[in-house]
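Single-letter residue listing:
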Amino acid sequence: MAFQSVESLLLAARDAPVWQVVLEDDCRDRGSEREESWARMAGLWSAMQSAAADYDPARRSPSGLSGGNAARLEGPGPGLCGPFVREIIAAAVRNGECNACMRRIVAAPTAGASGVLPAVLLPLQRRDVLPDEVIVQALYVAAGFGQVIATRASIAGAEGGCQAEVGSASAMAAAALVHIMGGTGEQMAHACAIALSNTLGLVCDPVAGLVEVPCVNRNVMGAVNALSCAELALSGIKSAIPCDEVIDAMRAVGDAMPAALRETGNGGLAATPTGRRIAESM
Amino acid sequence: MNIFDIMGPVMVGPSSSHTAGAARIGLITRRLLGVQPVAAQLLLHGSFAATGAGHGTDRALVAGLLGMGPDDPRLPASFELAQEAGLSLELGKTVLRGVHPNTVLLRVTAPDGRALEVVASSLGGGRVKVCSIDGLEASFTGDLPTLIIRNEDRPGHVAEVANLLSHHGVNIAAMQLYRDRRGGLAVMVIESDQPIPAALVDWLRRCPGIVRVVYLNMGEES
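**Some thoughts on the overall build of chain A**
Counting its regular elements, chain A contains 13 helices and one strand. Traced from its N-terminal end to its C-terminal end, chain A shows the element sequence α-α-α-α-α-β-α-α-α-α-α-α-α-α. By the compact-globule yardstick of 19 Å for 282 residues, chain A fits well, its C-alpha radius of gyration being 18 Å. Over its C-alpha atoms, taken along the principal directions, chain A stretches across nearly 55 × 40 × 40 Å. Looking at chain A as a whole, 57% of its 282 residues qualify as buried. Summarising the internal contacts of chain A: among those between residues at least 6 apart in sequence, 73% fall at separations of at least 24.

Here's what the structure looks like:
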(Lines give C-alpha, C1' and ligand atoms only; values in the text may rest on other atoms or scores of the structure.)
Protein backbone atom coordinates (compact mmCIF):
# COMPACT_ATOMS: atom_id res chain seq x y z
CA MET A 1 0.00 0.00 0.00
CA ALA A 2 1.48 3.31 -1.08
CA PHE A 3 2.19 5.94 1.58
CA GLN A 4 -0.64 8.47 1.58
CA SER A 5 1.45 11.21 3.16
CA VAL A 6 5.04 12.24 3.78
CA GLU A 7 4.08 12.37 7.44
CA SER A 8 3.19 8.64 7.46
CA LEU A 9 6.36 7.85 5.49
CA LEU A 10 8.51 9.61 8.10
CA LEU A 11 6.56 7.98 10.92
CA ALA A 12 7.31 4.55 9.43
CA ALA A 13 10.95 5.61 9.09
CA ARG A 14 11.50 6.34 12.81
CA ASP A 15 13.37 3.08 13.33
CA ALA A 16 14.77 2.47 9.85
CA PRO A 17 16.16 4.53 6.98
CA VAL A 18 13.59 6.03 4.60
CA TRP A 19 14.92 4.07 1.62
CA GLN A 20 14.52 0.79 3.50
CA VAL A 21 10.94 1.60 4.52
CA VAL A 22 10.08 2.35 0.88
CA LEU A 23 11.75 -0.90 -0.28
CA GLU A 24 9.89 -2.98 2.32
CA ASP A 25 6.61 -1.33 1.42
CA ASP A 26 7.25 -2.16 -2.25
CA CYS A 27 7.81 -5.83 -1.34
CA ARG A 28 4.48 -5.91 0.51
CA ASP A 29 2.70 -3.98 -2.22
CA ARG A 30 3.80 -6.17 -5.14
CA GLY A 31 4.27 -9.41 -3.20
CA SER A 32 7.90 -9.53 -4.25
CA GLU A 33 11.23 -10.37 -2.62
CA ARG A 34 13.77 -7.77 -1.45
CA GLU A 35 16.32 -9.04 -3.96
CA GLU A 36 13.89 -8.69 -6.86
CA SER A 37 12.93 -5.15 -5.88
CA TRP A 38 16.56 -4.09 -5.36
CA ALA A 39 17.67 -5.66 -8.66
CA ARG A 40 14.90 -3.81 -10.49
CA MET A 41 15.85 -0.44 -8.96
CA ALA A 42 19.55 -1.11 -9.61
CA GLY A 43 18.57 -1.90 -13.22
CA LEU A 44 16.96 1.54 -13.54
CA TRP A 45 20.15 3.17 -12.24
CA SER A 46 22.28 1.29 -14.73
CA ALA A 47 19.85 2.33 -17.52
CA MET A 48 20.29 5.99 -16.45
CA GLN A 49 24.06 5.54 -16.68
CA SER A 50 23.80 3.92 -20.13
CA ALA A 51 21.52 6.70 -21.41
CA ALA A 52 24.17 9.31 -20.51
CA ALA A 53 26.97 7.27 -22.07
CA ASP A 54 24.93 6.80 -25.25
CA TYR A 55 24.80 10.55 -26.04
CA ASP A 56 25.79 11.52 -29.58
CA PRO A 57 26.01 15.27 -30.31
CA ALA A 58 25.39 14.66 -34.01
CA ARG A 59 21.89 13.32 -33.38
CA ARG A 60 18.80 15.47 -34.00
CA SER A 61 15.20 14.82 -32.99
CA PRO A 62 12.70 13.90 -35.74
CA SER A 63 11.33 17.48 -35.59
CA GLY A 64 14.81 19.00 -35.81
CA LEU A 65 14.16 21.09 -32.67
CA SER A 66 16.58 19.25 -30.35
CA GLY A 67 20.09 17.88 -30.32
CA GLY A 68 23.70 18.92 -30.04
CA ASN A 69 23.41 21.40 -27.16
CA ALA A 70 24.93 19.18 -24.47
CA ALA A 71 28.18 19.19 -26.45
CA ARG A 72 28.31 23.00 -26.05
CA LEU A 73 28.33 22.45 -22.29
CA GLU A 74 31.48 20.36 -22.31
CA GLY A 75 34.74 21.90 -21.15
CA PRO A 76 35.23 24.71 -18.62
CA GLY A 77 32.70 27.15 -20.13
CA PRO A 78 32.38 30.83 -19.15
CA GLY A 79 33.26 30.13 -15.52
CA LEU A 80 30.01 31.30 -13.98
CA CYS A 81 28.78 28.04 -12.40
CA GLY A 82 31.88 26.09 -11.46
CA PRO A 83 32.59 22.60 -12.81
CA PHE A 84 30.11 20.65 -10.62
CA VAL A 85 27.02 22.72 -11.41
CA ARG A 86 28.07 22.98 -15.05
CA GLU A 87 28.26 19.19 -15.20
CA ILE A 88 24.75 18.96 -13.71
CA ILE A 89 23.44 21.36 -16.36
CA ALA A 90 25.15 19.35 -19.10
CA ALA A 91 23.80 16.05 -17.79
CA ALA A 92 20.22 17.37 -17.77
CA VAL A 93 20.50 18.61 -21.37
CA ARG A 94 22.19 15.38 -22.46
CA ASN A 95 19.35 13.26 -21.09
CA GLY A 96 16.67 15.59 -22.48
CA GLU A 97 18.24 15.46 -25.93
CA CYS A 98 18.60 11.67 -25.78
CA ASN A 99 14.89 11.48 -24.98
CA ALA A 100 13.90 13.87 -27.79
CA CYS A 101 16.09 11.92 -30.23
CA MET A 102 14.26 8.65 -29.43
CA ARG A 103 17.07 7.07 -27.45
CA ARG A 104 16.56 4.88 -24.40
CA ILE A 105 15.98 6.75 -21.11
CA VAL A 106 14.32 6.09 -17.73
CA ALA A 107 10.99 7.82 -17.08
CA ALA A 108 11.49 9.41 -13.64
CA PRO A 109 8.69 10.07 -13.00
CA THR A 110 7.95 10.79 -16.70
CA ALA A 111 9.92 10.85 -19.94
CA GLY A 112 9.57 14.63 -20.19
CA ALA A 113 11.16 15.08 -16.74
CA SER A 114 13.59 12.17 -17.10
CA GLY A 115 16.70 14.40 -17.04
CA VAL A 116 16.37 15.74 -13.49
CA LEU A 117 17.36 12.73 -11.38
CA PRO A 118 20.28 11.50 -13.51
CA ALA A 119 21.48 15.11 -13.86
CA VAL A 120 22.10 15.41 -10.12
CA LEU A 121 23.00 11.78 -9.37
CA LEU A 122 25.60 11.10 -12.08
CA PRO A 123 27.88 14.11 -11.38
CA LEU A 124 27.59 13.64 -7.60
CA GLN A 125 28.54 9.97 -7.83
CA ARG A 126 31.55 10.91 -9.95
CA ARG A 127 32.66 13.78 -7.71
CA ASP A 128 32.30 11.97 -4.38
CA VAL A 129 33.18 8.50 -5.72
CA LEU A 130 29.99 7.01 -4.32
CA PRO A 131 29.15 3.30 -4.58
CA ASP A 132 26.13 2.40 -6.74
CA GLU A 133 24.48 1.08 -3.59
CA VAL A 134 24.06 4.60 -2.15
CA ILE A 135 22.58 5.88 -5.41
CA VAL A 136 20.08 2.99 -5.57
CA GLN A 137 19.06 3.81 -1.97
CA ALA A 138 18.57 7.42 -3.08
CA LEU A 139 16.31 6.22 -5.93
CA TYR A 140 14.12 4.48 -3.33
CA VAL A 141 13.92 7.76 -1.40
CA ALA A 142 12.98 9.59 -4.60
CA ALA A 143 10.38 6.94 -5.48
CA GLY A 144 8.87 7.10 -1.97
CA PHE A 145 8.38 10.86 -2.12
CA GLY A 146 7.24 10.58 -5.73
CA GLN A 147 4.63 8.04 -4.76
CA VAL A 148 3.12 10.41 -2.20
CA ILE A 149 3.09 13.21 -4.81
CA ALA A 150 1.39 10.89 -7.35
CA THR A 151 -1.16 9.77 -4.76
CA ARG A 152 -2.06 13.19 -3.35
CA ALA A 153 -1.56 15.24 -6.51
CA SER A 154 -0.27 14.11 -9.91
CA ILE A 155 2.84 13.36 -11.93
CA ALA A 156 1.15 13.93 -15.32
CA GLY A 157 1.53 17.21 -17.21
CA ALA A 158 -1.89 16.67 -18.78
CA GLU A 159 -3.40 16.75 -15.30
CA GLY A 160 -1.23 19.13 -13.31
CA GLY A 161 1.01 21.00 -15.73
CA CYS A 162 4.81 20.96 -15.67
CA GLN A 163 4.85 21.47 -11.89
CA ALA A 164 3.61 17.85 -11.76
CA GLU A 165 6.42 16.61 -14.03
CA VAL A 166 9.62 18.64 -13.68
CA GLY A 167 8.37 19.98 -10.32
CA SER A 168 7.80 16.45 -8.99
CA ALA A 169 11.12 15.21 -10.40
CA SER A 170 12.91 18.15 -8.78
CA ALA A 171 11.26 17.50 -5.40
CA MET A 172 12.09 13.77 -5.62
CA ALA A 173 15.70 14.59 -6.57
CA ALA A 174 16.03 17.07 -3.68
CA ALA A 175 14.98 14.38 -1.19
CA ALA A 176 17.37 11.88 -2.83
CA LEU A 177 20.29 14.33 -2.52
CA VAL A 178 19.58 14.86 1.17
CA HIS A 179 19.80 11.09 1.66
CA ILE A 180 23.13 10.86 -0.15
CA MET A 181 24.57 13.69 1.94
CA GLY A 182 23.53 11.92 5.15
CA GLY A 183 20.57 14.15 6.05
CA THR A 184 17.54 13.15 8.11
CA GLY A 185 14.06 12.17 6.94
CA GLU A 186 12.77 15.58 8.11
CA GLN A 187 15.40 17.29 5.99
CA MET A 188 14.33 15.21 2.99
CA ALA A 189 10.74 16.36 3.53
CA HIS A 190 11.82 20.02 3.78
CA ALA A 191 13.95 19.73 0.64
CA CYS A 192 11.03 18.11 -1.20
CA ALA A 193 8.58 20.76 0.05
CA ILE A 194 10.82 23.71 -0.89
CA ALA A 195 11.62 22.28 -4.32
CA LEU A 196 7.93 21.77 -5.05
CA SER A 197 7.09 25.25 -3.68
CA ASN A 198 9.60 26.76 -6.10
CA THR A 199 7.97 25.16 -9.14
CA LEU A 200 4.34 25.67 -8.07
CA GLY A 201 2.27 26.94 -10.98
CA LEU A 202 4.70 25.86 -13.70
CA VAL A 203 2.66 25.22 -16.83
CA CYS A 204 3.03 22.47 -19.44
CA ASP A 205 3.21 24.27 -22.79
CA PRO A 206 5.17 22.12 -25.24
CA VAL A 207 5.73 23.80 -28.61
CA ALA A 208 4.02 21.75 -31.34
CA GLY A 209 2.98 19.35 -28.56
CA LEU A 210 6.47 17.83 -28.54
CA VAL A 211 8.60 16.93 -25.51
CA GLU A 212 11.39 19.30 -26.60
CA VAL A 213 10.77 23.06 -26.19
CA PRO A 214 10.77 24.07 -23.35
CA CYS A 215 11.06 20.60 -21.74
CA VAL A 216 14.79 19.97 -22.27
CA ASN A 217 15.86 23.23 -20.62
CA ARG A 218 13.26 22.91 -17.87
CA ASN A 219 15.02 19.73 -16.79
CA VAL A 220 18.07 21.91 -16.13
CA MET A 221 15.97 24.16 -13.90
CA GLY A 222 14.58 21.10 -12.09
CA ALA A 223 18.06 19.71 -11.44
CA VAL A 224 19.60 22.97 -10.22
CA ASN A 225 16.52 23.65 -8.09
CA ALA A 226 16.90 20.19 -6.50
CA LEU A 227 20.53 20.95 -5.72
CA SER A 228 19.75 24.31 -4.07
CA CYS A 229 16.80 22.97 -2.08
CA ALA A 230 18.85 20.04 -0.75
CA GLU A 231 21.54 22.56 0.22
CA LEU A 232 18.90 24.64 2.06
CA ALA A 233 17.49 21.65 3.93
CA LEU A 234 20.93 20.26 4.81
CA SER A 235 21.82 23.68 6.23
CA GLY A 236 18.86 23.42 8.59
CA ILE A 237 16.47 25.65 6.66
CA LYS A 238 12.87 24.49 6.91
CA SER A 239 9.85 24.80 4.68
CA ALA A 240 7.29 26.97 6.54
CA ILE A 241 4.52 24.89 4.92
CA PRO A 242 4.66 21.13 5.69
CA CYS A 243 5.48 18.89 2.70
CA ASP A 244 2.03 17.25 2.49
CA GLU A 245 0.33 20.65 2.43
CA VAL A 246 2.64 21.83 -0.36
CA ILE A 247 1.74 18.69 -2.36
CA ASP A 248 -1.97 19.39 -1.77
CA ALA A 249 -1.41 22.98 -2.93
CA MET A 250 0.24 21.65 -6.07
CA ARG A 251 -2.85 19.59 -6.76
CA ALA A 252 -5.17 22.57 -6.17
CA VAL A 253 -3.07 24.72 -8.50
CA GLY A 254 -3.16 21.96 -11.15
CA ASP A 255 -6.94 21.68 -10.85
CA ALA A 256 -7.26 25.43 -11.31
CA MET A 257 -5.03 25.41 -14.41
CA PRO A 258 -6.86 25.87 -17.72
CA ALA A 259 -6.58 23.00 -20.20
CA ALA A 260 -4.51 25.21 -22.54
CA LEU A 261 -1.67 25.03 -20.00
CA ARG A 262 -1.82 21.27 -19.43
CA GLU A 263 0.09 19.55 -22.25
CA THR A 264 -2.35 20.43 -25.01
CA GLY A 265 0.16 22.56 -26.90
CA ASN A 266 -2.40 25.41 -26.99
CA GLY A 267 -1.07 27.83 -24.37
CA GLY A 268 2.07 29.41 -22.98
CA LEU A 269 5.10 29.15 -25.28
CA ALA A 270 3.18 26.89 -27.65
CA ALA A 271 0.69 29.73 -28.29
CA THR A 272 3.31 32.39 -29.10
CA PRO A 273 3.59 33.48 -32.74
CA THR A 274 6.89 31.62 -33.08
CA GLY A 275 5.55 28.57 -31.24
CA ARG A 276 2.61 28.42 -33.63
CA ARG A 277 4.85 28.92 -36.65
CA ILE A 278 6.99 25.97 -35.56
CA ALA A 279 3.89 23.82 -35.08
CA GLU A 280 2.56 24.75 -38.53
CA SER A 281 5.86 23.92 -40.19
CA MET A 282 5.72 20.33 -38.90
CA MET B 1 0.61 3.07 -8.36
CA ASN B 2 3.62 1.09 -7.18
CA ILE B 3 7.08 2.70 -6.97
CA PHE B 4 8.05 1.31 -10.38
CA ASP B 5 5.14 3.21 -11.92
CA ILE B 6 6.85 6.31 -10.51
CA MET B 7 10.45 5.28 -11.27
CA GLY B 8 10.63 3.78 -14.72
CA PRO B 9 9.91 2.31 -17.18
CA VAL B 10 13.12 2.15 -19.19
CA MET B 11 11.89 3.31 -22.56
CA VAL B 12 12.80 4.82 -25.90
CA GLY B 13 11.83 8.52 -25.84
CA PRO B 14 10.36 10.99 -26.14
CA SER B 15 6.98 10.38 -24.48
CA SER B 16 5.72 7.71 -22.10
CA SER B 17 2.17 8.10 -23.41
CA HIS B 18 2.86 8.76 -27.11
CA THR B 19 5.87 6.47 -27.56
CA ALA B 20 6.15 3.82 -24.81
CA GLY B 21 2.37 3.33 -24.58
CA ALA B 22 2.09 3.11 -28.37
CA ALA B 23 4.79 0.41 -28.53
CA ARG B 24 2.93 -1.57 -25.89
CA ILE B 25 -0.34 -1.27 -27.85
CA GLY B 26 1.44 -2.61 -30.95
CA LEU B 27 2.88 -5.49 -28.97
CA ILE B 28 -0.49 -6.38 -27.39
CA THR B 29 -2.09 -6.34 -30.86
CA ARG B 30 0.60 -8.72 -32.17
CA ARG B 31 0.01 -11.07 -29.23
CA LEU B 32 -3.75 -10.92 -29.77
CA LEU B 33 -3.26 -11.89 -33.42
CA GLY B 34 -0.89 -14.64 -32.23
CA VAL B 35 1.57 -14.10 -35.07
CA GLN B 36 3.48 -11.31 -36.80
CA PRO B 37 1.06 -9.59 -39.18
CA VAL B 38 1.77 -9.26 -42.92
CA ALA B 39 -0.33 -6.11 -43.24
CA ALA B 40 -1.34 -3.39 -40.82
CA GLN B 41 -3.50 -0.31 -41.07
CA LEU B 42 -2.92 2.21 -38.26
CA LEU B 43 -5.44 5.01 -37.79
CA LEU B 44 -4.52 7.60 -35.16
CA HIS B 45 -7.11 9.57 -33.22
CA GLY B 46 -6.96 12.80 -31.20
CA SER B 47 -3.63 13.78 -29.71
CA PHE B 48 -2.07 10.68 -31.31
CA ALA B 49 -3.09 12.07 -34.71
CA ALA B 50 -2.06 15.66 -33.85
CA THR B 51 1.41 15.07 -32.40
CA GLY B 52 2.06 11.41 -33.16
CA ALA B 53 4.60 11.93 -35.93
CA GLY B 54 6.86 14.12 -33.75
CA HIS B 55 6.60 11.63 -30.91
CA GLY B 56 7.28 8.59 -33.06
CA THR B 57 3.85 7.17 -32.17
CA ASP B 58 3.55 5.56 -35.60
CA ARG B 59 7.05 4.04 -35.41
CA ALA B 60 6.40 2.81 -31.87
CA LEU B 61 3.15 1.09 -32.89
CA VAL B 62 4.92 -0.66 -35.77
CA ALA B 63 7.82 -1.65 -33.47
CA GLY B 64 5.30 -3.31 -31.17
CA LEU B 65 3.74 -5.18 -34.11
CA LEU B 66 7.24 -6.48 -34.91
CA GLY B 67 7.54 -7.81 -31.36
CA MET B 68 9.63 -5.02 -29.80
CA GLY B 69 8.98 -3.71 -26.31
CA PRO B 70 8.97 0.03 -25.39
CA ASP B 71 12.67 -0.19 -24.42
CA ASP B 72 13.91 -1.71 -27.67
CA PRO B 73 16.59 0.60 -29.15
CA ARG B 74 15.61 -0.51 -32.69
CA LEU B 75 12.22 1.22 -32.23
CA PRO B 76 13.05 4.35 -34.31
CA ALA B 77 13.98 2.14 -37.29
CA SER B 78 10.74 0.14 -37.21
CA PHE B 79 9.44 1.30 -40.62
CA GLU B 80 12.57 0.03 -42.33
CA LEU B 81 12.49 -3.18 -40.28
CA ALA B 82 8.83 -3.71 -41.20
CA GLN B 83 9.72 -3.50 -44.88
CA GLU B 84 12.47 -6.09 -44.40
CA ALA B 85 10.06 -8.32 -42.46
CA GLY B 86 7.40 -8.15 -45.17
CA LEU B 87 4.90 -6.18 -43.10
CA SER B 88 3.05 -3.74 -45.34
CA LEU B 89 1.86 -0.57 -43.64
CA GLU B 90 -0.93 1.91 -44.18
CA LEU B 91 -0.91 4.94 -41.88
CA GLY B 92 -3.69 7.45 -41.46
CA LYS B 93 -5.87 9.45 -39.13
CA THR B 94 -9.38 8.92 -37.91
CA VAL B 95 -11.95 10.37 -35.54
CA LEU B 96 -13.40 7.94 -33.00
CA ARG B 97 -16.28 8.68 -30.67
CA GLY B 98 -16.12 8.68 -26.87
CA VAL B 99 -12.50 7.60 -26.53
CA HIS B 100 -9.37 8.85 -24.73
CA PRO B 101 -7.39 11.50 -26.70
CA ASN B 102 -4.49 9.06 -27.17
CA THR B 103 -6.24 6.32 -29.10
CA VAL B 104 -5.47 4.23 -32.18
CA LEU B 105 -7.45 1.86 -34.34
CA LEU B 106 -5.36 -1.01 -35.72
CA ARG B 107 -6.41 -3.44 -38.43
CA VAL B 108 -3.93 -6.27 -38.83
CA THR B 109 -3.85 -9.31 -41.09
CA ALA B 110 -2.14 -12.63 -40.33
CA PRO B 111 -0.21 -14.60 -43.00
CA ASP B 112 -3.20 -17.00 -43.27
CA GLY B 113 -5.57 -14.10 -44.01
CA ARG B 114 -7.12 -13.85 -40.56
CA ALA B 115 -7.98 -10.25 -39.68
CA LEU B 116 -8.15 -8.49 -36.34
CA GLU B 117 -9.31 -5.01 -35.44
CA VAL B 118 -8.20 -3.45 -32.15
CA VAL B 119 -8.97 -0.05 -30.62
CA ALA B 120 -6.63 0.86 -27.77
CA SER B 121 -5.73 3.93 -25.71
CA SER B 122 -2.54 5.09 -24.02
CA LEU B 123 -3.41 6.37 -20.58
CA GLY B 124 -0.09 7.96 -19.55
CA GLY B 125 3.11 6.71 -17.98
CA GLY B 126 3.22 3.87 -20.52
CA ARG B 127 0.01 2.29 -19.22
CA VAL B 128 -2.51 1.27 -21.88
CA LYS B 129 -6.03 -0.07 -22.26
CA VAL B 130 -7.59 -2.14 -25.03
CA CYS B 131 -11.07 -0.67 -25.67
CA SER B 132 -12.49 -3.03 -28.29
CA ILE B 133 -11.65 -6.09 -30.36
CA ASP B 134 -13.30 -6.63 -33.76
CA GLY B 135 -15.84 -3.95 -32.95
CA LEU B 136 -16.98 -5.53 -29.70
CA GLU B 137 -16.37 -3.64 -26.48
CA ALA B 138 -13.63 -4.88 -24.14
CA SER B 139 -11.59 -3.18 -21.48
CA PHE B 140 -8.30 -4.60 -20.28
CA THR B 141 -4.71 -3.51 -19.77
CA GLY B 142 -2.71 -6.66 -20.54
CA ASP B 143 -1.00 -6.38 -17.14
CA LEU B 144 -2.49 -9.74 -16.10
CA PRO B 145 -3.03 -12.92 -18.14
CA THR B 146 -6.21 -12.17 -20.08
CA LEU B 147 -8.70 -14.48 -21.75
CA ILE B 148 -11.07 -13.03 -24.33
CA ILE B 149 -13.86 -15.40 -25.24
CA ARG B 150 -16.49 -14.74 -27.85
CA ASN B 151 -19.55 -16.93 -27.53
CA GLU B 152 -23.19 -17.18 -28.48
CA ASP B 153 -25.29 -15.21 -25.98
CA ARG B 154 -26.96 -18.21 -24.30
CA PRO B 155 -27.23 -19.32 -20.65
CA GLY B 156 -24.40 -21.41 -19.22
CA HIS B 157 -21.25 -20.21 -20.98
CA VAL B 158 -20.07 -17.98 -18.14
CA ALA B 159 -20.64 -20.74 -15.56
CA GLU B 160 -18.86 -23.27 -17.78
CA VAL B 161 -15.77 -21.09 -18.24
CA ALA B 162 -15.64 -20.10 -14.55
CA ASN B 163 -15.87 -23.78 -13.57
CA LEU B 164 -13.07 -24.81 -15.90
CA LEU B 165 -10.81 -22.07 -14.56
CA SER B 166 -11.48 -22.99 -10.94
CA HIS B 167 -10.73 -26.68 -11.65
CA HIS B 168 -7.32 -25.62 -12.99
CA GLY B 169 -6.60 -23.48 -9.93
CA VAL B 170 -6.87 -20.22 -11.85
CA ASN B 171 -8.19 -17.31 -9.77
CA ILE B 172 -10.22 -14.68 -11.62
CA ALA B 173 -8.99 -11.15 -10.80
CA ALA B 174 -11.58 -9.33 -12.92
CA MET B 175 -14.34 -10.37 -15.29
CA GLN B 176 -16.40 -8.34 -17.75
CA LEU B 177 -19.30 -9.32 -19.96
CA TYR B 178 -20.49 -7.58 -23.11
CA ARG B 179 -22.82 -8.46 -25.97
CA ASP B 180 -23.84 -6.83 -29.21
CA ARG B 181 -27.53 -7.72 -28.73
CA ARG B 182 -29.72 -10.19 -26.83
CA GLY B 183 -29.15 -13.69 -28.18
CA GLY B 184 -26.39 -12.41 -30.46
CA LEU B 185 -22.66 -12.51 -29.84
CA ALA B 186 -21.23 -12.03 -26.34
CA VAL B 187 -17.72 -11.36 -25.11
CA MET B 188 -16.18 -12.42 -21.81
CA VAL B 189 -12.97 -10.69 -20.76
CA ILE B 190 -11.31 -12.53 -17.90
CA GLU B 191 -8.14 -11.30 -16.18
CA SER B 192 -6.52 -13.91 -13.97
CA ASP B 193 -3.87 -14.05 -11.26
CA GLN B 194 -2.28 -17.19 -12.74
CA PRO B 195 -1.28 -17.97 -16.33
CA ILE B 196 -3.88 -20.11 -18.09
CA PRO B 197 -2.62 -23.54 -19.25
CA ALA B 198 -2.49 -23.99 -23.05
CA ALA B 199 -4.53 -27.20 -22.79
CA LEU B 200 -7.36 -25.29 -21.13
CA VAL B 201 -7.33 -22.63 -23.84
CA ASP B 202 -7.54 -25.40 -26.49
CA TRP B 203 -10.37 -27.06 -24.62
CA LEU B 204 -12.32 -23.78 -24.53
CA ARG B 205 -11.82 -23.38 -28.29
CA ARG B 206 -13.62 -26.71 -28.85
CA CYS B 207 -16.59 -25.97 -26.61
CA PRO B 208 -19.89 -25.77 -28.52
CA GLY B 209 -21.24 -22.21 -28.61
CA ILE B 210 -17.81 -20.66 -28.18
CA VAL B 211 -16.89 -18.87 -31.38
CA ARG B 212 -13.40 -17.57 -30.68
CA VAL B 213 -10.86 -17.65 -27.87
CA VAL B 214 -7.92 -15.28 -27.61
CA TYR B 215 -5.41 -15.63 -24.80
CA LEU B 216 -3.02 -12.82 -23.95
CA ASN B 217 -0.09 -13.20 -21.58
CA MET B 218 2.31 -10.29 -21.94
CA GLY B 219 4.65 -11.93 -19.42
CA GLU B 220 5.42 -14.75 -21.88
CA GLU B 221 7.47 -14.61 -25.06
CA SER B 222 5.69 -15.37 -28.30
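**Quick notes on the pattern of salt bridges**
In total, this model carries 22 salt bridges over all chains according to the counting rule given. Residue E87 of chain A is joined to R94 of chain A by a salt bridge in which the shortest nitrogen-to-oxygen separation is 3.6 Å. Exposure remark for E87 of chain A: the relative accessible area of 23% places this residue in the partly exposed category. For D153 of chain B, the salt bridge is made with R179 of chain B, and the minimal N-O distance between the two is 2.7 Å. One end of the pair, D153 of chain B, is in the loop between strand 8 (146-152) and helix 6 (157-167); the other, R179 of chain B, is in strand 9 (residues 172-179), with 26 residues separating them in the sequence. Judged by its relative accessible area of 46%, R179 of chain B is partly exposed. Connected through salt bridges with shared partners, the residues D26, R30 and E36 of chain A form a single ionic network.

**Focus: the nonpolar core**
In this structure, V18, M41, L117, Y140 and F145 of chain A together with M7 of chain B are the most contacted members of the largest nonpolar core, which totals 95 residues. Per-element tally for this core: the top contributor is helix 7 (residues 132-152) of chain A, with 13 residues. Discounting residues that sit within four places of it in the chain, F145 of chain A has contacts with V6, L9, V18, M172, A175, M188, A189 and C192 of chain A. Within the second largest apolar cluster, 44 residues are counted, among which are I28, L66, F140 and I148 of chain B.

**Points about the sheet that holds strand 2 (residues 39-45) of chain B**
Adjacent strands of a sheet pair through backbone hydrogen bonds, lying either parallel or antiparallel. Residues and elements named next belong to chain B. Strand order in the open sheet formed by six strands is 3-2-4-5-6-7, and the pairing between neighbours is mixed. Of all the strands in the sheet, the pair left with one neighbour each is strand 3 (88-93) and strand 7 (136-140). Going across the sheet, the axis of each strand differs from the next one's by a mean of 20°, ignoring polarity. Examined bridge by bridge, strand 6 (residues 127-133) and strand 7 share three bridges and lie antiparallel to one another. The residue of strand 7 that forms the bridge with S132 is E137.

**A short note on the domain arrangement of chain B**
Residue and element names in this part refer to chain B. If you check the domain split of chain B, you get domain 1 (3-134) and domain 2 (146-216). Just the C-alpha atoms count here: the centres of domain 1 and domain 2 sit 26 Å apart. Summed over both sides, the interface of domain 1 with domain 2 buries roughly 560 Å², with 57% coming from carbon and sulfur. The tally of links from domain 1 across to domain 2 stands at two salt bridges. Here D134 makes a salt bridge to R212, at a shortest N to O gap of 2.9 Å. Linking domain 1 to domain 2 there are two residue pairs in polar contact (both at pLDDT 80 or more). Secondary structure elements with two or more residues in the side of domain 1 that touches domain 2: helix 2 (16-33) and strand 5 (115-124). A total of three residues in the side of domain 1 that touches domain 2 trace back to one element, the largest contributor, which is helix 2. By residue class, the composition of the side of domain 1 that touches domain 2 is five nonpolar, no polar and three charged.

**Here we look at the interface of chain A and chain B**
Facing the 37 residues of chain A at the interface are 24 residues of chain B. For the pair chain A and chain B, the summed buried area comes to about 2,500 Å², and 70% of that belongs to carbon and sulfur atoms. In terms of surface lost to chain B, no three residues of chain A exceed L44, M102 and R104 of chain A, which account for 26% of the buried area on that side. Connecting chain A to chain B are zero salt bridges. Of all elements in the fold, only helix 2 (18-30), helix 3 (34-53), helix 5 (83-100), strand 1 (104-106) and helix 7 of chain A reach the threshold of two or more residues within the side of chain A that touches chain B. When residues in the side of chain A that touches chain B are grouped by element, the largest group, seven residues, is from helix 7 of chain A. Classifying every residue of the side of chain A that touches chain B gives 25 nonpolar, six polar and six charged.

**Quick notes on the sheet that holds strand 9 of chain B**
Residue and element names in this part refer to chain B. Reading across from one edge, 9-10-8-11 is the order of the four strands in this open sheet, with antiparallel pairing throughout. Every interior strand has two partners, whereas the edge strands, strand 9 and strand 11 (210-216), have only one. Between one strand and the next, the sheet's axes are offset by a mean angle of 15°, whatever the strand orientation. Relative to strand 10 (residues 185-192), strand 8 runs antiparallel, the two being bridged by seven bridges. For L147, the partnering residue across the bridge sits in strand 10 and is I190. Its contacts with the sheet put helix 6 on strand 8, strand 9, strand 10 and strand 11, and the angle it makes with strand 10 is roughly 25°.

**Points about the pairing of strand 7 of chain B**
Where burial is concerned, the two faces of strand 7 of chain B differ: the one with L136, A138 and F140 of chain B is buried and the one with E137 and S139 of chain B is not. What sits between the antiparallel neighbours strand 6 of chain B and strand 7 of chain B is a turn of two residues, in which D134 of chain B has the positive phi angle 50°.

**Digging into the packing of aromatic side chains**
All names here are of chain A. This model, assessed by the stated rule, comprises two aromatic pairs over all chains. Centre to centre, the rings of W38 and Y140 are 5.9 Å apart; their planes meet at 20°, and the pair counts as stacked. Taken as a pair, W38 in helix 3 and Y140 in helix 7 lie far apart in primary sequence, 102 residues in all. Put simply, the rings of W19, W38 and Y140 touch in pairs and so form one group of aromatic residues. One cation-aromatic arrangement involves R127 over F84; the distance from NZ or CZ to the ring centre is 4.2 Å.

Calculation notes
- Residues numbered from 1 in each chain as written.
- Chains lettered and ligands numbered in written order.
- Predicted model: local features only at pLDDT ≥ 70, side-chain atom pairs only at ≥ 80, totals over all residues.
- Heavy atoms only, no water.
- Helix = DSSP H or I, 4+ residues; strand = E, 2+ residues; numbered from the N terminus.
- Rg over C-alpha atoms; globule rule 2.2 N^0.38 Å.
- Buried < 20%, exposed > 50% of the residue type's maximum accessible area, 1.4 Å probe, protein only.
- Contact = heavy atoms within 4.5 Å.
- Salt bridge = Lys/Arg side-chain N within 4 Å of Asp/Glu carboxyl O.
- Core = buried A, V, L, I, M, F, W, Y, C linked by side-chain atoms within 4.5 Å.
- Pairing = 2+ DSSP bridges.
- Axes fitted to C-alpha atoms, helices over the stretch in contact; angles between N-to-C directions.
- Domains from an automatic or database assignment.
- Buried area = accessible area lost by both parts, 1.4 Å probe.
- Polar contact = N/O pair within 3.5 Å; in protein donor to acceptor, adjacent residues only side chain to side chain.
- Nonpolar A, V, L, I, M, F, W, Y, C, P; charged D, E, K, R; others polar.
- Phe/Tyr/Trp six-rings, centres within 6.5 Å; stacked < 30°, edge-to-face > 60°.
- Lys NZ or Arg CZ within 6 Å of the ring centre and 35° of its normal.

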